[in-house]
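Topology and contacts: notes
Read off the chains here:
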Amino acid sequence: PTWSAVRAPARGRILQRIGQLIESNKDALVALVVREMGKTIKEATGEVQAAADMAFFNAGEGRRLYGVTTQSELVDRNAETRRVPLGVCALITPWNAPLSSIAWKAFPALVCGDTAVIKPSEDSPATADALMRLAQEAGVPPGVLNLVQGLGEEAGEALVRNPGIDLVSFTGSTEVGTHINQICAPRRIRVSLEMGGKNGVLVLSDANLDHAVNCVVSGAYSMAGQRCATTSRVIVHESLADEFTKRLVAKAAALKVGPGTQPDTMVCPIVNRSQLQRVAGYIEIAEREGARIACGGHVLEQGEYAKGCFFEPTILVDVRPEMRIAQEEIFGPVLSVMTCRDFEHGIELINGTNYGLTASVFTRDVSAAMRALERIHAGVVYVNAPTFGSEVHMPFGGYGLSGNGHREAGMGGIDMFSEWKTIYVDYSDQMQSTLLKDKK
């Protein structure tokens, strides 16, 4: 009650201070993200800036929590809507974006007047703790933004089942998201799920080949493929397939794998040993099903690699759409290459999974690009760009196994973390007469 009573512009000013503190502590936060999650300095820098940008965006929303005033069909009646807080939000965040994933959830919740309990991944607890300390320094009152550490099956499960929770926002695997949805359904509380992806790129016959190759490499191997928007599949027109694959293999094989702390590292380590084994296991599955390794495919264990979890950038060819490697999320530096006969066949293949998070199409034909935008079944679609790169003022989320229809970031975050109240005020003379009569 205390926080929701604070006026939205004042809540926004606190978020502005959080953003400023994130920027002024950028170097320390970048070092922490690199040490904890393993991503490169460049990738960590982008994440820290994204968290600051989300704070600044939602600070501005403190003066733009707009409702709607409209004409009533009745005489002398005012009709309007207002945004009101939902209550207490459980925010369960992943290890691959330990700072920005909290920012994307906590900052819109705060500006809407909600309070929150954050449960970060057990693989990245320290970054969450650092952000909490900055929020406290910025003036977030005690009890408004709370942190609980622990394993998902223990702390996360307890948080989701707590009857005092009014909303659950979860980013992670489809399996865990489905479990959370089942827990919350009988209580009919709001649940926002941002889950897995099997993101595809469609390269049409008129595409700029070098540009497409560069974008696919960036989308497939940045963060070692450990992001929900990673490029996992590429569908290439058969007329370009041989040359495209040749250039793709050359680019991928030249990528430097190493610790995120090294400035020349281009592919960072896998987050932990179990995830490394999962990635290696999928390569075995792919080979059993008939796919062929064109590049990579092995755990790196010699020399400096013996002290970490490193996997080669991998390209699989002769991939058929029904293979598990083309249907299941791997969360590693593994790319499947398929070919299409024409535009229609390419659209069929890119939509041929139960996921629908992000996708890209490469073409110089405006007509083909526009038709692809209409027909690709994904929550975020790019033209001539990688499958990642969402901006903080734009909604983000997916279809099918990738989400449950809600969006976060941008106005999607405000919609997610607030509720509508519809208000009617009658001020007719007849109504006033009735009120006076009743009073007498």
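Residues numbered from 1 in each chain as written. Predicted model: local features only at pLDDT ≥ 70, side-chain atom pairs only at ≥ 80, totals over all residues. Heavy atoms only, no water.

**A word on a nonpolar patch on the surface**
The grouping of V366, M370, L373 and V383 at the surface amounts to a nonpolar patch, some 330 Å² of accessible area in total. Per-element accounting of the nonpolar patch gives the leading share, 3 residues, to helix α13 (residues 366–375). Locating L373 in the fold gives a position in helix α13. We classify L373 as partly exposed; its relative accessible area is 33%. (Patch = residues over 30% accessible without salt bridge, like charges linked within 9 Å, V, L, I, M, F, W, Y side chains within 5 Å. Areas by Shrake-Rupley, 256 points an atom, 1.4 Å probe, with all protein chains shown as cover. Salt bridge = Lys/Arg side-chain N within 4 Å of Asp/Glu carboxyl O. Helix = DSSP H or I, 4+ residues; strand = E, 2+ residues; numbered from the N terminus. Buried < 20%, exposed > 50% of the residue type's maximum accessible area, 1.4 Å probe, protein only.)

**So, the sheet that holds strand β13 (residues 314–317)**
An order of β10-β13-β14-β9-β8-β16-β17 is seen for the 7 strands of this open sheet, with the pairing classed as mixed. Whereas interior strands pair on both sides, the edge strands pair on one side only; in this sheet they are β10 (292–295) and β17 (380–383). Each strand axis lies, on average, 25 degrees off the axis of its neighbour in the sheet, ignoring direction. Bridge analysis of strand β8 (residues 199–203) against strand β9 (residues 231–237) gives 5 bridges, and the strand direction is parallel. (Pairing = 2+ DSSP bridges. Axes fitted to C-alpha atoms, helices over the stretch in contact; angles between N-to-C directions.)

**Considering the pairing of strand β2 (residues 77–85)**
With 3 bridges joining them, strand β1 (residues 69–71) and β2 adopt antiparallel strand pairing. What sits directly across from T69, in β2, is E80. Once β1 ends, the chain turns through 5 residues before running back antiparallel as β2, passing D76 with a positive phi of about 55 degrees. In this structure, β2 lies alongside strand β19 (residues 418–426), joined through 9 bridges in antiparallel fashion. Bridging across to β19, V84 finds its partner in E419.

**A closer look at the packing of helix α9 (residues 209–221) against helix α10 (residues 241–253)**
Taken N-terminus to C-terminus, the directions of α9 and α10 make an angle of 45 degrees; their axes are 10 Å apart at the nearest point. Relative to α10, the element α9 is oriented oblique. Considering the relative orientation of α9 and α10, their crossing is right-handed. In this structure, α9 contributes L209, D210, A212, V213, N214, V216, V217 and Y221 to the contact, and α10 contributes E243, F244, R247, L248, K251 and A252. Class assignment for the residues of the contact of α9 with α10 results in 9 nonpolar, 1 polar and 4 charged. (Parallel < 35°, antiparallel > 145°, perpendicular 65-115°, else oblique. Left-handed = near helix turned anticlockwise from the far one by under 90°. Contact = heavy atoms within 4.5 Å. Nonpolar A, V, L, I, M, F, W, Y, C, P; charged D, E, K, R; others polar.)

**Some thoughts on the pattern of salt bridges**
Inspection of every chain in the model, using the stated rule, returns 17 salt bridges. Here R320 makes a salt bridge to E322, at a shortest N to O gap of 2.8 Å. Note on R320: relative accessible area 37%, which makes it partly exposed. For E344, the salt bridge goes to R375, with nearest N and O atoms at 2.8 Å. Taken together, the residues span a long stretch of sequence, with E344 in helix α12 (residues 343–350) and R375 in helix α13 at a distance of 31 residues. E344 sits in the partly exposed class, given a relative accessible area of 42%. Several salt bridges share partner residues, and in doing so they unite D210, E243 and R247 into one network.

**Here we look at the pairing of strand β14 (residues 334–340)**
The buried fraction of β14 is high, at 6 of 7 residues. Across 5 bridges, the pairing between β9 and β14 is parallel. From the neighbouring strand, R233 faces β14, where its bridge partner is S336. Where β13 and β14 come together, 3 bridges link them in parallel fashion. Looking at β14, one finds that L316 is bridged to S336.

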